[in-house]
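Each chain is listed here by its residues.
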Amino acid sequence: MLLKIEDIRTGYTGIEVVHGISLNVPAGSVIGVIGANGAGKSALLHAICGLLPHTGKVLLEGEDLSSMPTYERSRKGVILVPEGRRVFPGLSVQDNLLSASLHKRSRSRREEVLASIFQTFPRLRERLDQAAETLSGGEQQMLAIARTLMGCPKVIMLDEPSAGLSPLFVQEVFRIIGELRKIGLTILLVEQNVHHCLQLSDYAYVLEQGKLALEGEAKALLSDPRVRQAYLGSAAETA
Ligand SMILES: Nc1ncnc2c1ncn2[C@@H]1O[C@H](COP(=O)(O)OP(=O)(O)OP(=O)(O)O)[C@@H](O)[C@H]1O
Ligand SMILES: [Mg+2]
């Protein structure tokens, strides 16, 4: 198993919001995590990358990262694209990308990785000298994902990559995630857009109030009456 999460508990200043979650992320898969607002999805991702203190284990290829700080987990290859498209607004696209390959493993592969990024995101190559703040929301999301790739991730964790984007860019972001999976990346995908998320994922977990309520093959969850009723509603009929 590439990434194994065992019995993670985490929260904020004494309030536990994730109550013992375990999940498996096999190499090359897209694993979805869905759940209502406040279910603990972001808290879970933050714990996995070490931004929130937690108990339980984070195992990457069997190595226990649980006591490592965020930068070390990221150097090992567990990298988060946080909610809200974090890029350096004043820096050019090029500088945003270059500033993301800081450690040795990624610096030595910089040219090769850049070339593959430009293949996936030709739009970014066209805008290399443009300041990130002048990109559209969708382009900023592409840049945020591309910056993560500069760090040579083994697992990329995406926290609501389609949030706040226009329908056209929502399609584009899911297309890109599909591309990333084709080049063999392993993805842990948190999404409000349950329909798209389940269509793209191999397997998915449903979080309710900090606990796992349901898990299964994504295609099976798409037609599961509990998922349809709680998360798809009428959208499922029209999509
Ligand atoms: N900084 C914080 N301090 C205290 N409580 C917080 C903090 N951030 C989040 N919480 C609480 O933790 C719980 C889980 O929040 P989390 O952000 O993980 O939810 P989520 O599933 O990502 O929701 P959303 O879909 O809205 O992003 C919520 O009850 C939330 O109010
Ligand atoms: Mg969240």
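Further up the page is the structure itself.
These notes cover the structure that comes with them. Quick caveat, the model's predicted, so the values are computed rather than measured.

The next thing to look at is the overall build of the protein. Helices and strands together make up the secondary structure of the protein, namely twelve helices and ten strands. On C-alpha atoms alone, the protein measures out to a radius of gyration of 17 Å, which is about the 18 Å that the 2.2 N^0.38 rule sets for 239 residues. Overall, the C-alpha framework of the protein stretches about 50 × 45 × 30 Å when taken along its three principal axes. Out of the 239 residues belonging to the protein, those deemed buried represent 51%. Counting only contacts in the protein whose residues sit at least 6 apart along the sequence, the fraction spanning at least 24 positions is 66%. With an accessible surface of roughly 10,900 Å², the protein has 51% of that area assigned to carbon and sulfur atoms.

In this section: the site of ligand 1. The local shell around ligand 1 holds 13 residues, among which Gly38, Lys41, Ser42, Ala43 and Gln192 are the closest. If ligand 1 stood free it would expose 640 Å²; the protein chains cover 60% of that surface. Take the shell around ligand 1: its biggest share by element is three residues, from helix α1 (residues 41-48). For the shell around ligand 1, a count of residues per class yields five nonpolar, five polar and three charged.

Take the packing of helix α5 (residues 110-120) against helix α7 (residues 137-150) next. Helix packing geometry: the angle between the two helix axes and the distance between the axes. The contact between α5 and α7 brings their axes to 10 Å, and the two run at 150°. Classified by the angle their axes make, α5 and α7 are roughly antiparallel. At the point where α5 passes α7, the crossing takes the right-handed sense. Contacts from Arg110, Val113, Leu114 and Ile117 of α5 reach α7 at Ala146, Leu149 and Met150. Partitioned by chemical class, the residues of the contact of α5 with α7 number six nonpolar, no polar and one charged.

Right, let's get into the pattern of salt bridges. For the structure shown, the criterion picks out twelve salt bridges. We note a salt bridge from Arg9 to Glu16, for which the minimum N-O separation is 3.0 Å. Of the charged contacts in the structure, one is a salt bridge between Glu139 and Arg127, with a shortest N-O distance of 3.3 Å. One end of the pair, Glu139, is in helix α7; the other, Arg127, is in the loop between α6 (122-126) and α7, and twelve residues separate them in sequence. The class for Glu139 is buried, based on a relative accessible area of 7%. A relative accessible area of 21% means that Arg127 is categorised as partly exposed. Each of Arg123, Glu126, Arg127 and Glu139 takes part in one network of salt bridges that share partners.

Rules used throughout
- Residues numbered from 1 in each chain as written.
- Chains lettered and ligands numbered in written order.
- Predicted model: local features only at pLDDT ≥ 70, side-chain atom pairs only at ≥ 80, totals over all residues.
- Heavy atoms only, no water.
- Helix = DSSP H or I, 4+ residues; strand = E, 2+ residues; numbered from the N terminus.
- Rg over C-alpha atoms; globule rule 2.2 N^0.38 Å.
- Buried < 20%, exposed > 50% of the residue type's maximum accessible area, 1.4 Å probe, protein only.
- Contact = heavy atoms within 4.5 Å.
- Areas by Shrake-Rupley, 256 points an atom, 1.4 Å probe, with all protein chains shown as cover.
- Near = heavy atom within 4 Å.
- Nonpolar A, V, L, I, M, F, W, Y, C, P; charged D, E, K, R; others polar.
- Axes fitted to C-alpha atoms, helices over the stretch in contact; angles between N-to-C directions.
- Parallel < 35°, antiparallel > 145°, perpendicular 65-115°, else oblique.
- Left-handed = near helix turned anticlockwise from the far one by under 90°.
- Salt bridge = Lys/Arg side-chain N within 4 Å of Asp/Glu carboxyl O.

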